[in-house]
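An overview of the molecular structure
The primary structure of each chain is shown beneath.
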Amino acid sequence: MDAKVIVVTSGKGGVGKTTATANIGAALARLGEKVAVIDVDVGLRNLDVVMGLESRVVFDLIDVLEGKCRMNQALIRDKRVENLYLLPASQTRDKDALDPEVFKDVVRGLVEDEGFDRILIDSPAGIESGFRTAAAPAQGALVVVNPEVSSVRDADRIIGLLEAQEINEIRLVVNRLRPKMVASGNMLSIDDMMDILGVKPIGIIPEDEGIIVSTNVGEPAVLGKTKAGEAFMATAQRLRGQDVPFPKLTEEERGIWAAIRRLFGGSA
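Report on the accompanying structure. (Residues numbered from 1 in each chain as written. Predicted model: local features only at pLDDT ≥ 70, side-chain atom pairs only at ≥ 80, totals over all residues. Heavy atoms only, no water.)

1. Here we look at the overall build of the protein
Helix and strand counts for the protein stand at 13 helices and eight strands. With 268 residues in all, the protein has 56% of them scored as buried. Pairs at least 24 residues apart make up 76% of the contacts formed inside the protein by residues separated by at least 6 positions. Roughly 11900 Å² of accessible area belongs to the protein as shown, and the carbon and sulfur atoms make up 44% of that amount. (Helix = DSSP H or I, 4+ residues; strand = E, 2+ residues; numbered from the N terminus. Buried < 20%, exposed > 50% of the residue type's maximum accessible area, 1.4 Å probe, protein only. Contact = heavy atoms within 4.5 Å. Areas by Shrake-Rupley, 256 points an atom, 1.4 Å probe, with all protein chains shown as cover.)

Now the structure itself:
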């Protein structure tokens, strides 16, 4: 994707959007980009916990927007990954404190003045004002979706809203895929989701218990060795335009990925 500012969003909560933001951000930084991840889920604030940075939060996004601190006072540099920074949300304010125009100025400053190569914005779930603010400065979007009917239906609504805001670089991150369940007809396939949403996947993340462990200890999975971590790293590489094949699967699972191979010109 060419977009420097990307909103990571979903229709419904609980699909792994914050985990995706943390892992893709860390992966992009490991690949050499200067990356800021911004938590716009005001009032809840989970991105700092997933990244293991909660103890270092002093100032937050609202403090920056209201001019109570400088940007470099609120940005938290991740000590494990060079060039990865977090701008946390506020736990004590509500989403009405976010002004979309001021937020756009803040994000523009990160790119133009602070020299960030990529900004990932962790949007609140749903379609209320928090989502609209998170999407306001975005040039592209990653829509995180689980292969289940309710998640796909809500993602369809979100994609329509993104397109209405003239965000045209939209890609899917399919999270928690279980190939055996797809093969048995008990989980939506990539073809099913493509038919409904009309958006290409850029990342396919398998169900992986290692993600639960990494989230609980506050260490992005891309820093360890898990199937999900490898899939998030591959997603980041595709974001950078690299032609990364999808992994070889067993014969039982192979048919599930035929649609992906076709989408990527047989490279998967």
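2. Some points on the packing of aromatic side chains
The final tally for this structure, using the stated rule, is one aromatic pair. Between the aromatic rings of Tyr85 and Phe116, the centroid separation amounts to 5.3 Å while the plane-to-plane angle is 90°, which identifies the pairing as edge-to-face. One end of the pair, Tyr85, is in strand S4 (residues 84-87); the other, Phe116, is in the loop between helix H5 (100-112) and strand S5 (118-122), with 31 residues separating them in the sequence. Exposure class is identical for Tyr85 and Phe116. Each is buried. Above the plane of the ring of Phe116 lies Lys34, whose end atom (NZ or CZ) is 4.6 Å from the centre. (Phe/Tyr/Trp six-rings, centres within 6.5 Å; stacked < 30°, edge-to-face > 60°. Lys NZ or Arg CZ within 6 Å of the ring centre and 35° of its normal.)

3. With respect to the side chain of Thr18
Among the secondary structure elements, Thr18 is positioned in helix H1 (residues 17-30). Side chain to side chain, Thr18 and Asp122 meet in a polar contact 2.8 Å long. If we ignore the near neighbours within four places in the chain, the residues touching Thr18 are Asn46, Leu47, Val50 and Asp122. (Polar contact = N/O pair within 3.5 Å; in protein donor to acceptor, adjacent residues only side chain to side chain.)

4. Digging into the nonpolar core
Counting residues in hydrophobic clusters, the biggest one holds 51 residues, and the most contacted among them are Ile38, Ile119, Ile121 and Leu162. Sequence-distant contacts of Ile38, defined by excluding residues within four places in its chain, comprise Leu47, Leu61, Leu87, Phe103, Val107, Leu110, Ile119, Leu120, Ile121 and Asp122. (Core = buried A, V, L, I, M, F, W, Y, C linked by side-chain atoms within 4.5 Å.)

5. As for the pairing of S4
The side-chain alternation of S4 yields two buried faces, one formed by Leu84 and Leu86 and the other by Tyr85 and Leu87. In terms of strand pairing, strand S2 (residues 35-39) meets S4 through four bridges, oriented parallel. What sits directly across from Val37, in S4, is Leu86. For strand S3 (residues 76-77) and S4, the ladder comprises two bridges, and the chain directions are antiparallel. From the neighbouring strand, Arg77 faces S4, where its bridge partner is Tyr85. (Pairing = 2+ DSSP bridges.)

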